[in-house]
Amino acid sequence: MARQDQASTNEPLIKTLYSVMNSILHIIESVLSQEELPDFYEENLPTITNVCMFILSQDYPKFQKVPQEIIKARGKVVSLIYLYNFKYGEYFRPYSEPMFQAVWSLIECNKVQPTKESEKLVRITVKYMGEMANQQSKTEFLKMNLTKIFDILILPNISITPEDMEEYDDDADAYIRNDLEESDLETRRRHCMKFVQQLSKKFPNEVGGLVSNYVNNYLADYQANRSTQWNKKASLLNLLITASISQYTYRSGATEINIPDETLFSYITQLVIPEL
């Protein structure tokens, strides 16, 4: 036991082991991209899921910062779960629920951080949860946990982060151009915004109520101190645009919205017009 505890605090060793694991997970991920599931990956599914569960559940509290190798492994595991669940569901059915709970625990324990290092982990986690929202068996669970989903997963990843500020300082024109032209479609922010749209269609009343609460709280923070809380307003606009629009094309803009016209006008009056 002492030897095991000692190994779990040996950061160089843990990084090396996870690097090896990432190579193995990459091979499995590549194989699962094929049209048919090879026999080996069907017969050894119990072992593969045990390894996946181990990676998602492991913590290293004595490390100052979660190593990139661990974050990468978690992202690859969620990717494997996604592929097994939605491409080879007939084989994965017995493991679907415990794997969903493992991914949910990852979210609930705040292990899906809004950082560049976690970019791929956030993207695949949001993609997986978006698909699970379409599963009838998960409808009630997700409805009951919408506040957690927004507070832990969505809002931190659509907000302006210190890394965004660094990118803006380095090249403001490129940052604005990427945002306006939506050339950042594969970022965690865009994936989270797409997830909000899915949730808005699935739970229009519940998401509408949540968004209204966030409008009131964020706007109060912003108005209390505009110089330090300006990022709250930027986050709020991202949230409103995403939650409100149900149909959009680059040429025509928003063609369908999820909220009443008077509510939209009220938001514009509060958030946009005062800045013009």
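Residues numbered from 1 in each chain as written. Predicted model: local features only at pLDDT ≥ 70, side-chain atom pairs only at ≥ 80, totals over all residues. Heavy atoms only, no water.

This paragraph deals with the overall build of the protein. In terms of regular secondary structure, the protein is built from 15 helices and two strands. A fraction of 74% describes how many contacts in the protein between residues 6 or more apart in sequence connect residues 24 or more apart. Total accessible area on the protein is roughly 15,500 Å²; 52% of this is exposed by carbon and sulfur atoms. (Helix = DSSP H or I, 4+ residues; strand = E, 2+ residues; numbered from the N terminus. Contact = heavy atoms within 4.5 Å. Areas by Shrake-Rupley, 256 points an atom, 1.4 Å probe, with all protein chains shown as cover.)

Before going further, it helps to spend a moment on the layout of surface pockets. As a volume, the second largest pocket reaches approximately 390 Å³. In terms of lining, the second largest pocket is formed by 16 residues, of which the most central are Gly75, Lys120, Leu121, Arg123 and Ile124. For the lining of the second largest pocket, the secondary-structure elements that each account for two or more residues are helix H5 (68-87) and helix H7 (119-132). At six residues, H5 tops the list of elements feeding residues into the lining of the second largest pocket. Its residues assigned to classes, the lining of the second largest pocket comprises three nonpolar, five polar and eight charged. (1 Å grid on protein atoms, 1.4 Å probe; cavity = no way out; pocket = protein on both sides within 12 Å on 5 of 7 lines; lining within 4 Å. Points joined across faces, edges and corners; volume = space filled by probe spheres on them. Nonpolar A, V, L, I, M, F, W, Y, C, P; charged D, E, K, R; others polar.)

Glancing now at a nonpolar patch on the surface. Side chains of Ile268, Val272 and Ile273 sit close together on the surface and give an oily, nonpolar patch of about 200 Å² of accessible area. Structurally, isoleucine 273 can be placed in the segment after helix H15 (261-271). (Patch = residues over 30% accessible without salt bridge, like charges linked within 9 Å, V, L, I, M, F, W, Y side chains within 5 Å. Salt bridge = Lys/Arg side-chain N within 4 Å of Asp/Glu carboxyl O.)

With that out of the way, let us pick up the side chain of lysine 233. Residue placement: lysine 233 occurs in helix H14 (residues 230-244). By relative accessible area, which is 8% here, lysine 233 ends up buried. Leave out the neighbours within four places in its chain, and lysine 233 touches Tyr222, Leu271 and Glu275. (Buried < 20%, exposed > 50% of the residue type's maximum accessible area, 1.4 Å probe, protein only.)

This next bit is on the packing of helix H6 (residues 89-108) against helix H9 (residues 146-158). Contact geometry of H6 with H9 gives a least axis separation of 9 Å together with a crossing angle of 65°. Here H6 contributes Trp104, Ile107 and Glu108 to the contact with H9, which in turn contributes Lys148, Ile149, Ile152 and Leu153. Residue composition of the contact of H6 with H9, grouped by class: five nonpolar, no polar and two charged. (Axes fitted to C-alpha atoms, helices over the stretch in contact; angles between N-to-C directions.)

What follows deals with helix H13 (residues 204-224). Helix length check: H13 (21 residues) gives 30 Å between terminal C-alpha atoms against 30 Å at 1.5 Å per residue, within 8%. Buried within H13 are the following residues: Val207, Leu210, Val211, Tyr214, Val215, Tyr218, Leu219 and Tyr222. What you see down the axis of H13 is that its buried residues fit within an arc of 160°, all on one side. Seen from the open side of H13, the exposed residues pointing more than 90 degrees away from its buried face are Asn205 and Ala224. Structurally, H13 contributes buried residues whose contacts are with H9, helix H12 (188-202), H14 and H15. (Expected span 1.5 Å × (residues − 1). Arc of directions from axis to C-beta.)

Attention now goes to the pattern of salt bridges. Using the criterion set out here, one finds nine salt bridges in the structure. In this structure, lysine 138 engages glutamate 97 in a salt bridge whose closest nitrogen and oxygen atoms are separated by 2.6 Å. Of this pair, lysine 138 sits in the loop between H7 and helix H8 (139-144) while glutamate 97 sits in helix H6; the two residues are 41 residues apart in sequence, bridging distant segments of the chain. Residue classification places glutamate 97 among the partly exposed residues on the basis of a relative accessible area of 36%. Salt-bridge contacts for glutamate 108 lead to lysine 148; the nearest nitrogen and oxygen are separated by 2.4 Å. Note that glutamate 108 is positioned in helix H6 and lysine 148 in helix H9, a separation of 40 residues in sequence. Take glutamate 108: its relative accessible area is 35%, and that puts it in the partly exposed class. Classification of lysine 148 as partly exposed rests on a relative accessible area of 34%.

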